[in-house]
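Structure assessment
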Amino acid sequence: MSWSELTAPYAFEFFRNGVYVATMAGALCGLVGCYVVLRNMSYIGHGLSHAIFGGYAAAGLIGVNLFLGAGIWGVVTALAIGGIVRRRPIGSDAAIGVVTTASFALGIALVARYGSPGRSADSLLFGNVLGVNTSDVWLVVGVSLAAFIFIVCAYRPLLFTTFDEEVAQATGVRTTWVDIALMIVLAATVLATMNVMGVTLIAATLVVPAVVARMLTDSFSAMLVIATAVGAVSGFVGMNLSYHHDLPSGSTIVLVGTVFFVVAYLGGGRFRSRAGTVAHAH
Amino acid sequence: MRRSVDADSALIVADQVTVAYGVDPVIVAIDLTIERGDMVGIVGPSGSGKTTLLKALLGGISPRSGSVTRRSDLTVGFVPQVERIDWNFPVTVAECVGMARASGFRAPWISKRERVEIDAVLDRLGLHDLGSRHIRNLSGGQQQRVFLARALFTGAEIIFLDEPTSGLDVKTRHEVLHLLADLNADGVTVVLSTHDLNGIATHLPTIVCLNKTVIGAGSPEDVLVPDVLERTYGSPMQILEHGGMRVVVDAGPNASVLPFQREVGA
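Residues numbered from 1 in each chain as written. Chains lettered and ligands numbered in written order. Predicted model: local features only at pLDDT ≥ 70, side-chain atom pairs only at ≥ 80, totals over all residues. Heavy atoms only, no water.

Looking only at helices and strands, one finds 13 helices and 0 strands in chain A. The order of helices and strands in chain A, counted from the N terminus, is α-α-α-α-α-α-α-α-α-α-α-α-α. Here chain A, with 282 residues, has 51% of them falling under the buried criterion. When the accessible surface of chain A is totalled, it reaches about 12,300 Å², and 69% of it is carbon and sulfur. (Helix = DSSP H or I, 4+ residues; strand = E, 2+ residues; numbered from the N terminus. Buried < 20%, exposed > 50% of the residue type's maximum accessible area, 1.4 Å probe, protein only. Areas by Shrake-Rupley, 256 points an atom, 1.4 Å probe, with all protein chains shown as cover.)

Okay, the sheet that holds strand 2 (residues 25–35) of chain B next. Residue and element names in this part refer to chain B. Read across the sheet, 3 strands follow the order 2-1-4 without closing on themselves; strand pairing throughout is antiparallel. The sheet is open, and its two edges are formed by strand 2 and strand 4 (65–70), each paired on a single side. Averaged over all pairs of adjacent strands, the angle between strand axes in this sheet comes to 15°, irrespective of strand direction. Summarising the sheet, strand 1 (residues 10–20) and strand 4 pair through 5 bridges and their orientation is antiparallel. Counterpart to Ala14 in the pairing with strand 4 is Val68. Of the strands in this sheet, strand 1, strand 2 and strand 4 are in contact with helix 1 (residues 50–58), which crosses strand 2 at around 55°. (Pairing = 2+ DSSP bridges. Axes fitted to C-alpha atoms, helices over the stretch in contact; angles between N-to-C directions. Contact = heavy atoms within 4.5 Å.)

Think of an α-helix as 3.6 residues a turn; residues three or four steps apart then line up on the same face. Between its first and last C-alpha atoms helix 3 (residues 112–124) of chain B spans 18 Å; for 13 residues at 1.5 Å apiece the expected length is 18 Å, and the two agree. Looking only at helix 3 of chain B, the buried set comprises B:Glu114, B:Ile118, B:Val121 and B:Leu122. Seen from one end, helix 3 of chain B has its buried residues packed into an arc of 95°, which puts them on one side. Exposed positions of helix 3 of chain B whose direction lies more than 90 degrees from the buried face are B:Lys112, B:Arg113 and B:Val116. On its buried side, helix 3 of chain B packs onto helix 8 (155–163) of chain A together with helix 2 (93–98) and helix 4 (140–153) of chain B. (Expected span 1.5 Å × (residues − 1). Arc of directions from axis to C-beta.)

What follows covers the packing of aromatic side chains. Summed over all chains, the structure comprises 10 aromatic pairs over all chains. On the numbers, 5.1 Å between centres and 90° between planes, the contact of A:Tyr10 with A:Phe15 is edge-to-face. By relative accessible area, A:Phe15 is classed as buried at 0%. A ring pair is formed by A:Tyr155 and A:Phe220, whose centres lie 5.8 Å apart and whose planes are at 55°; its orientation type is tilted. Linking A:Tyr155 in helix 8 with A:Phe220 in helix 12 (residues 220–244), this pair joins segments that are 65 residues apart in sequence. Taken together, the aromatic side chains of A:Tyr35, A:Tyr155, A:Phe163, A:Phe220, B:Trp87, B:Phe89 and B:Phe147 make up a single cluster linked through ring pairs. Sitting over the face of the ring of B:Phe153, B:Arg101 holds its NZ or CZ atom 3.9 Å from the ring centroid. (Phe/Tyr/Trp six-rings, centres within 6.5 Å; stacked < 30°, edge-to-face > 60°. Lys NZ or Arg CZ within 6 Å of the ring centre and 35° of its normal.)

Across the boundary between the two partners, chain B contributes 39 residues, which contact 28 residues of chain A. Here chain B meets chain A over a buried area of about 2,800 Å², counting both sides, of which 58% is carbon and sulfur. Across the chain B-chain A interface, the total number found is 6 salt bridges. Notably, a salt bridge pairs B:Arg84 with A:Asp164, separated by 3.5 Å at the nearest N-O pair. At the boundary of chain B and chain A, one finds 12 residue pairs in polar contact (both at pLDDT 80 or more). Looking at side-chain class alone, the side of chain B that touches chain A contains 19 nonpolar, 8 polar and 12 charged residues. (Buried area = accessible area lost by both parts, 1.4 Å probe. Salt bridge = Lys/Arg side-chain N within 4 Å of Asp/Glu carboxyl O. Polar contact = N/O pair within 3.5 Å; in protein donor to acceptor, adjacent residues only side chain to side chain. Nonpolar A, V, L, I, M, F, W, Y, C, P; charged D, E, K, R; others polar.)

What follows is about the environment of A:Thr77. Residue and element names in this part refer to chain A. With respect to the secondary-structure elements, Thr77 resides in helix 4 (residues 66–87). With relative accessibility at 6%, the residue Thr77 sits in the buried group. Sequence separation between Thr77 and Ala51 is 26 residues; the distance between their C-alpha atoms is 7.1 Å. In contact with Thr77, other than residues within four places in its own chain, are Leu48, Ala51, Val99 and Thr100.

Turning our eyes to something else, we now look at the confidence of the model for chain B. Per-chain confidence: chain B averages 84 in pLDDT, with 91% of residues scoring 70 or above. Here residues 1–6 of chain B scores under 50 on pLDDT; set against residues more than four positions off or in separate chains, the count is 20 contacts. (pLDDT = per-residue confidence, 0-100.)

Okay, the sheet that holds strand 6 (residues 158–162) of chain B next. Residues and elements named next belong to chain B. What the 6 strands build is an open sheet, ordered 5-6-7-3-8-9; its pairing is mixed. A strand with exactly one partner marks an edge of an open sheet, and here the two such strands are strand 5 (76–79) and strand 9 (213–218). Within this sheet the neighbouring strands show an average axis-to-axis angle of 15°, counted without direction. Note: strand 8 (residues 206–211) against strand 9, 5 bridges, orientation antiparallel. Across the sheet, Leu210 pairs through a bridge with Val214, a residue of strand 9. Packing against the sheet, helix 1 makes contact with strand 3 (39–43), strand 5, strand 6, strand 7 (189–194) and strand 8, and its axis sits at approximately 155° to strand 6.

The subject of this paragraph is the side chain of A:Ser219. Tracing the backbone through its elements, the reader meets A:Ser219 in the loop between helix 11 (202–216) and helix 12. A polar side-chain atom of A:Ser219 sits 3.4 Å from the main-chain amide nitrogen of A:Ala222. A distance of 2.9 Å separates a polar atom in the side chain of A:Ser219 from a polar atom in the side chain of B:Glu95. Look past the residues within four positions of A:Ser219 in its chain and what remains in contact with it is B:Pro90, B:Thr92 and B:Glu95.

Residue and element names in this part refer to chain A. The geometry of helix 8 relative to helix 10 (residues 175–197) is characterised by a closest axis approach of 10 Å and an angle of 100° between their N-to-C directions. Looking at the two axes, helix 8 sits roughly perpendicular to helix 10. Every residue of helix 10 that contacts helix 8 at Pro157, Leu158 and Thr161 is listed here: Thr175, Val178, Asp179 and Leu182. (Parallel < 35°, antiparallel > 145°, perpendicular 65-115°, else oblique.)

Residues and elements named next belong to chain A. On the surface, Leu61, Ile62, Val64 and Tyr114 cluster together into a nonpolar patch covering about 410 Å² of accessible area. Secondary-structure assignment places Val64 in the loop between helix 3 (43–62) and helix 4. Judged by its relative accessible area of 38%, Val64 is partly exposed. (Patch = residues over 30% accessible without salt bridge, like charges linked within 9 Å, V, L, I, M, F, W, Y side chains within 5 Å.)

Residue and element names in this part refer to chain B. A large share of strand 6 lies buried, amounting to 5 of its 5 residues. The pairing of strand 5 with strand 6 spans 4 bridges and is classified as parallel. Across the sheet, the residue bridging to Phe78 is Phe160, located in strand 6. As paired strands, strand 6 and strand 7 are joined by 5 bridges and run parallel to one another.

Below, the structure written as structure tokens:
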């Protein structure tokens, strides 16, 4: 394939927007996904995206802005999960399962009863990266910047709370506020990237880059960097492959991430043992 | 450690503290004062409330009744049980120590000044040049010391340790105990929980015997007596002297019963 053929789709604005959004959404999900994976909440991306679908349907029914309604619904759902886990002897997986599936079921019921309020339910469920407009691009830019600033500013409290919440709290970290802030960032991330990836595939974009990074490094800071890069590259490469091979963009992005996973699985242990040897010799 | 309050040296004062997770209280009417320079061991059987008392003193648990008063500017460190640590979490030794300074706005990366301080703490605890090692790739004693280093890096005046020698062999247990004694000699107040009476508690200057409430508190000579130990452990104990140290042995009716017998000619 020639260079001109490779770059041909960039003549179209919809494709450029799609590449921008897919790359940034991949990076954003990779970054935030590290905290999701390390808190053993891998299912939350899947659950939250379903829950937000419920909010989207409910917002359409009561006549408020769909994005605002779905966003508030997502944040409330995320906070409810965090609150249940803190206050009751229930694991995060169970709390996610109860709250988010209930919300999704409500959304399905509302859509079935009153019809889809706007954008087609199919595009929300499976994503429509080629249908993103300029406002979608700016939304992902805004959420990515906010998430990046939050993680930079709260890096150590976030790390301490994620690693050992009880000790962090005992030594003065306001762990409840850290948890709440992270849940809000997570809900915003899911909401901003849902149009691109779709409800059904968003969990993979949150989890796969972080898992790949974890297999390649034993350092937390390196994991953040690698996961962000893997997410961004998956989004960029996946978008281009989907165009040239006429494949669904969301699925292709996830499959590129899966290739990273397989490579890391096969070679990650060797890489980390080499790093350990260096540290030992040092 | 004294039971009365000395306003000048008291770091933490527990006054009639009762803590419950559900209906039944875990610890009841605890009166305890931790003073600057103390090295205190909280001993008791499983389920006696040792960890709960540590958390209440730390401020991690609110008492159902009574109060825990800490000096307003007190800096504390907490070393959790090693069994509670997620050893697969991706942190190097330096990252683990560095995360402890989490208050206020700080850059995500470890500054040059902090790096020097971390190296100094690691050197002090015998972890020289292990900063880039993953925490899983250390010996049991080294792992315990990493979390001690994390507590020291905060500049903690008082360090709480929950079962610091759990799972350690005899030699490593002695190393940890000597390290704690050295830190205490340098002015760090140490409060630890342990179920290990002979390996740890008898070596400490002050012991608190706990079984839901404080049964006895004071020096080993004052506390390691049959009456206090029987009320603490619910079983008769005998005290022996060996090399100037007190050794506690089980004196209950089943103490010498070993039901396992080798089958001859089997």
